[in-house]
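Close look at the chain arrangement
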Amino acid sequence: MISVEEALTKILNSIQILDSEEKPLLDCLGQVLAEDVYSPFDVPPHDNSAMDGYAVQAGGIKGASHKNPKVLRVVGEIAAGKVSDLKVEPGTAIRIMTGAFVPNGADVVVPFEDTDEIERKETAISKTEIGVRVSLTEGCNIRRRGEDIVQGELVLAKGKLLRPADIGLLASLGKSMVQVIRRPLVGILATGNEVADINRPLLPGKIYNSNSYSLAAQVLLYGGVPKLLGVAPDNEEQLTAAVRGGLQCDILVTSGGVSLGDYDVVKQVLAAEGNVSFWTVRMKPGKPLAFGMFKRGDGKEVPHLGLPGNPVSSMITFEVFARPAIFKMMGRSNLTKSNITAVMEDSVGNKDGRRIFSRVVVTRRDSKYFARITGPQGSGILSSMAKANGLAIIPENTREVKPGTPVEVIMLDWDEVHD
Ligand code: AMP
Ligand code: MG
């Protein structure tokens, strides 16, 4: 038996980062940037107002207060989006809206609420003048040109996982097309004479193909593009054809046929098609696993991951081995998830020295996490996987986890915020 880490290292050593593609900005969410992006200009491009108010000269409102307002002559108004050649001179003010370019001569913006504008609106006091009721230092309420980004600055570096703020940042630079590492096309092939397509009536002795769908959903969740290759029966000819049909993908994931069953011709076919190793991994569920490289006609090698057929085993081995492989192909630098520590509320026995991935529901109470087993833990019981939001890790060398013990939990649905 090999350890989970040993298996993962072997897999990742054979996985390459994919090439890049240029795509419209919004399509790049969740992909890794493949170019350094520098700013073609200052952001903001001009000093602009952070408030609705009056652009004035700080020197002219020194000592102003509610009791003793400084009255200035209003010489114009600038709305956001408008460019004005109006100038603020001593003794004058220009009415200005948030985001509007600050006119020449002004060095401070006085918010409306620090003026007597409302009283002037309600009464007959001259509207061509404004009373300023505060004294503000130079630069107050002005967003300076280049205060966010300076022209020529490296804004986002190659390797950055693009999240919503990055998409916005790129938009603020006017970048409509972006070079990103492409998403992997993941071929998914189910195997087994008993496994039936979900679009057909279920005949005696058959079960529906759930694996292809749970695995394809995991591929989608983690940023890959699934390609369903159907179900191949346990017969050499059809299985070989199906495997070959999947070699246009960036990685081929099969389910079933890698354990010791009498009818597992899958192993023979896989072994014949490439350089495939069959492992027993020290984990539960998911002990049998295959990994190898298939040679394509054009000489290119396509990695193949052979997951066990049991529906929960295939999902958990996907989480542990295929997810990091997909992340690596996508150019992500951090391949691990940010696991949490939770207090186990049930007991879990571990008899045979394997690492157990227990399906749990994690809840938060009094700023602490607690984990409860979701129900029967058989590797075919998909409903208890559906109830789980995490996988509690019971270490190989722990014979029993008693209620109250802290355990590490892989959160299944948490969005990753790191690269
Ligand atoms: P195997 O690894 O091929 O021996 O399969 C182990 C168990 O998983 C058997 O009970 C299979 O019927 C079941 N199984 C295999 N493939 C699938 C599938 N695509 N969908 C649902 N169950 C499957
Ligand atoms: Mg089978």
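Residues numbered from 1 in each chain as written. Chains lettered and ligands numbered in written order. Predicted model: local features only at pLDDT ≥ 70, side-chain atom pairs only at ≥ 80, totals over all residues. Heavy atoms only, no water.

1. Here we look at the packing of aromatic side chains
- For the structure on display, the rule yields three aromatic pairs.
- Look at Y222 and F327: their rings are 5.8 Å apart centre to centre, the planes differ by 80°, and that puts the pair in the edge-to-face class. Here F327 lies in helix α7 (residues 311-329) and Y222 lies in the loop between α4 (211-221) and β15 (225-232), a separation of 105 residues in the sequence. You'll find Y222 and F327 in the same group, each marked buried.
- Over the aromatic face of F327 sits the side chain of R323, whose NZ or CZ is 5.0 Å from the ring centroid. (Phe/Tyr/Trp six-rings, centres within 6.5 Å; stacked < 30°, edge-to-face > 60°. Helix = DSSP H or I, 4+ residues; strand = E, 2+ residues; numbered from the N terminus. Buried < 20%, exposed > 50% of the residue type's maximum accessible area, 1.4 Å probe, protein only. Lys NZ or Arg CZ within 6 Å of the ring centre and 35° of its normal.)

2. What about the site of ligand 1?
- Near ligand 1 there are 16 residues, and of these E194, N209, S210, G257 and G309 occur at the shortest range.
- A distance of 3.1 Å separates an oxygen atom of ligand 1 from a polar atom in the backbone of G309.
- Coverage of ligand 1 by the protein chains reaches 79% of its 490 Å² of free accessible surface.
- Where the shell around ligand 1 is concerned, the elements lending two or more residues are β12 (185-191) and β14 (207-208).
- Grouping the amino acids of the shell around ligand 1 by side-chain chemistry returns five nonpolar, 10 polar and one charged. (Near = heavy atom within 4 Å. Polar contact = N/O pair within 3.5 Å; in protein donor to acceptor, adjacent residues only side chain to side chain. Areas by Shrake-Rupley, 256 points an atom, 1.4 Å probe, with all protein chains shown as cover. Nonpolar A, V, L, I, M, F, W, Y, C, P; charged D, E, K, R; others polar.)

3. Topic: the nonpolar core
- Counting residues in each nonpolar core, the largest one holds 46 residues, and the members touching the most others are I11, V281 and F321.
- Of all elements in the fold, only α1 (4-13), β12, α4, β16 (251-255), β19 (288-295), β20 (301-307), α7 and β25 (390-394) reach the threshold of two or more residues within this core.
- The greatest single-element share of this core, amounting to 11 residues, is contributed by α7.
- Each residue touching V281, except ones within four places of it in the same chain, is listed here: M1, I2, S3, V4, A7, G286, K287, L289, F321 and R354. (Core = buried A, V, L, I, M, F, W, Y, C linked by side-chain atoms within 4.5 Å. Contact = heavy atoms within 4.5 Å.)

4. A look at α4
- Those residues of α4 not exposed but buried are N211, S212, S214, L215, A216, Q218 and V219.
- Where α4 ends, the next residue or the one after it, G223, has phi of about 100°, a positive value.

5. So, the pairing of strand β5 (residues 70-78)
- The sheet contact formed by β5 and strand β8 (residues 129-132) spans four bridges and is antiparallel. Looking at the pairing, L72 lines up with I130 of β8.
- For β5 and strand β6 (residues 92-96), the ladder comprises five bridges, and the chain directions are parallel. Bridging from a neighbouring strand, G76 pairs with I94 of β6. (Pairing = 2+ DSSP bridges.)

6. Things to note about the pattern of salt bridges
- Within the structure shown, the criterion is met by 24 salt bridges.
- In this structure, the salt-bridge partner of K23 is E21, at a minimum N-O distance of 3.7 Å.
- Judged by relative accessible area, E21 falls into the partly exposed class, the value being 26%.
- The salt bridge involving E345 is made with R372; its shortest N-O contact spans 3.9 Å. One end of the pair, E345, is in the loop between β21 (340-344) and β22 (348-349); the other, R372, is in strand β24 (residues 368-373), with 27 residues separating them in the sequence.
- Judged by its relative accessible area of 22%, E345 falls in the partly exposed class.
- Within this structure, E77, R95, E117 and K121 form a network of salt bridges that share partners. (Salt bridge = Lys/Arg side-chain N within 4 Å of Asp/Glu carboxyl O.)

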